[in-house]
Amino acid sequence: MNSPTSSHVLTAWIDPEIAFLTLFADTEHCFWLDSGRDATTGFSYLGSGRSILTASVEHGTVSRASHTGRTTKPGSIFDALSEVLSAPHDALSCGEFVPGLVGWLGYEVGAAQSRTPMHASRYPDAAFLQPERMLVFDHAERTVTAVVISDVEPDHNFGWLGGLGSAQHRPVAAASARAMAHWRHDRAQYGALIEQAKEQIRAGNAYQLCVTNEILVDGNFDPVEVYRRLRLASPSHHGGFLRIDGVALLSSSPEQFLRITPSGTITTRPIKGTRPRGIDTETDATQRHDLLASEKERAENLMIVDLMRNDLGRVAALGSVRVSELLAVESYAQVHQLVSTVTAQLAPGLTAVDAVAAAFPAGSMTGAPKISAMTILDGLEAGPRGVYSGAFGYFGADGAVDLAMVIRSIVLDEHGAAIGTGGGITALSIVDEEIDETRIKAAALLDALGVGQQQVG
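Residues numbered from 1 in each chain as written. Predicted model: local features only at pLDDT ≥ 70, side-chain atom pairs only at ≥ 80, totals over all residues. Heavy atoms only, no water.

### Thoughts on helix H5 (residues 223–233)
No. 1: Across the 11 residues of H5, 9 count as buried, placing the element largely inside the fold.
No. 2: Among all positions of H5, only Pro 223, Val 224, Glu 225, Val 226, Tyr 227, Arg 228, Arg 229, Leu 230 and Arg 231 are buried.
No. 3: For H5, the elements touching its buried residues are helix H1 (16–23), strand E2 (30–34), strand E13 (238–244), strand E14 (247–253), strand E23 (409–413) and helix H10 (431–449).
No. 4: The residue sitting at the N-terminus of H5 and contributing the capping side-chain oxygen is Asp 222; that oxygen lies 3.0 Å from the backbone nitrogen of Val 224. (Buried < 20%, exposed > 50% of the residue type's maximum accessible area, 1.4 Å probe, protein only. Helix = DSSP H or I, 4+ residues; strand = E, 2+ residues; numbered from the N terminus. Contact = heavy atoms within 4.5 Å. Polar contact = N/O pair within 3.5 Å; in protein donor to acceptor, adjacent residues only side chain to side chain.)

### Overview of the pattern of salt bridges
Two side chains carrying opposite charge are able to pair once their charged atoms lie near each other.
No. 1: Going through the model one piece at a time under the given rule, you end up with 27 salt bridges.
No. 2: A salt bridge links Arg 50 to Glu 132; the nearest nitrogen and oxygen atoms lie 3.2 Å apart. With Arg 50 in the loop between strand E3 (43–48) and strand E4 (51–56) and Glu 132 in the loop between strand E8 (126–130) and strand E9 (133–138), this residue pair connects regions lying 82 residues apart in the sequence.
No. 3: Residue class for Arg 50 comes out partly exposed when judged on its relative accessible area of 35%.
No. 4: Residue classification places Glu 132 among the buried positions, given a relative accessible area of 13%.
No. 5: When salt bridges with common partners are traced through the structure, they connect Lys 272, Arg 275, Asp 290, Lys 296, Glu 297, Glu 300 and Glu 434 into a single cluster. (Salt bridge = Lys/Arg side-chain N within 4 Å of Asp/Glu carboxyl O.)

### Here's the deal with the packing of aromatic side chains
No. 1: In total, this model carries 13 aromatic pairs according to the counting rule given.
No. 2: A centroid spacing of 5.3 Å and a plane angle of 65 degrees characterise the contact between Phe 20 and Phe 241, whose relative ring orientation is edge-to-face. Of the two residues, Phe 20 is situated in helix H1 and Phe 241 in strand E13; the sequence distance between them amounts to 221 residues.
No. 3: The lysine or arginine in question, Arg 385, covers the ring of Tyr 107, its NZ or CZ lying 4.4 Å from the ring centre. (Phe/Tyr/Trp six-rings, centres within 6.5 Å; stacked < 30°, edge-to-face > 60°. Lys NZ or Arg CZ within 6 Å of the ring centre and 35° of its normal.)

### Details of the environment of Val 329
No. 1: Note that Val 329 resides in strand E18 (residues 322–331).
No. 2: Its relative accessible area of 14% is what places Val 329 among the buried residues.
No. 3: Other than its neighbours up to four places away in sequence, Val 329 contacts Arg 288, Leu 291, Leu 292, His 336, Gln 337 and Leu 338.

Right, dumping it as structure tokens:
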């Protein structure tokens, strides 16, 4: 991390999508933390790197790879993150991300951290890269800053930007895949899982259980084109494209897991409660009102708010945990969501990595109480969640963190695509409504892959 850093402000704005296609889309390890097609606030970051960290919780190892080779040693991904981020760094004044690490934490990392049962994932349980070349887009100021962080073949003349001058937008390629989508649990099986979850709740073993399902699609997919289709149909303030070590994560996530400032202010914005968008203004307003008025959805959200307050309380300064917004409706292309905001101040002597470790996996993807819920869910779901229901984003070298939930996401590798979908189950849940919710959440993802509903098995 103790590498020279330099920056250069471009003379004109360029669309982030054009920049990504021109500079980074063909690189082996790359990222695009995307504030959305029409963003007018916030930042987007896109770039590439060669130094990566990957972790296997099954074997308790972390692997490091760079231009000098690959090494593997025992330890947790949180230990490795702390070690890398504690090294000296050059501070940058552009954006909010002082380059540290970009990547994801899979759900099974949280299961290992919580010492609950888990199935082994076929994907890396965690994967991060250290940026070497990066573009920072300030959407409010309409500025673009190029950054180089490397002591390997440094290019402080920024000659690699030359292709941007003639770069042109190209149309989004239509989906051509026509493979079948195979659900881990079909409609009847998933309905039975919901009933079992309700039995566990009635027995007092949990208050809420986030029961999830997995869809696998065989085929060869172009990750960049799939992501372009996804962000076109389902824009989000926490979208993302990450390709690390042969696996690509494509996300239109609407949910912020944790945001931590360099001064230690922590924010989490759990989502619980969903309604589909209406077909016209009147039905859309009715759906929004129904979400706000739903006793079940409000109770579900409040349970997770309480769980997140408890998680943050483990690492927060005494008396600093606050609920700053409760039960607000946010609207996206396919759904209305019920969102609350919890804030806290990191306790002295603790780091941002400590805060993430204490709160991961997010309560919105487990249920409450968390340990009991995760143990029950492992038995119900009969397989790993993998990257789904984990978190992705950045750890800054200055202690800042911005991580989104891995929901509304596709994971691609050489074998095909995987999609996770699920919902929170309470004693008031209606089985058919819960099943339909999982199908609504998956629809835009399947469309991006070219899988129509008639092809869903």
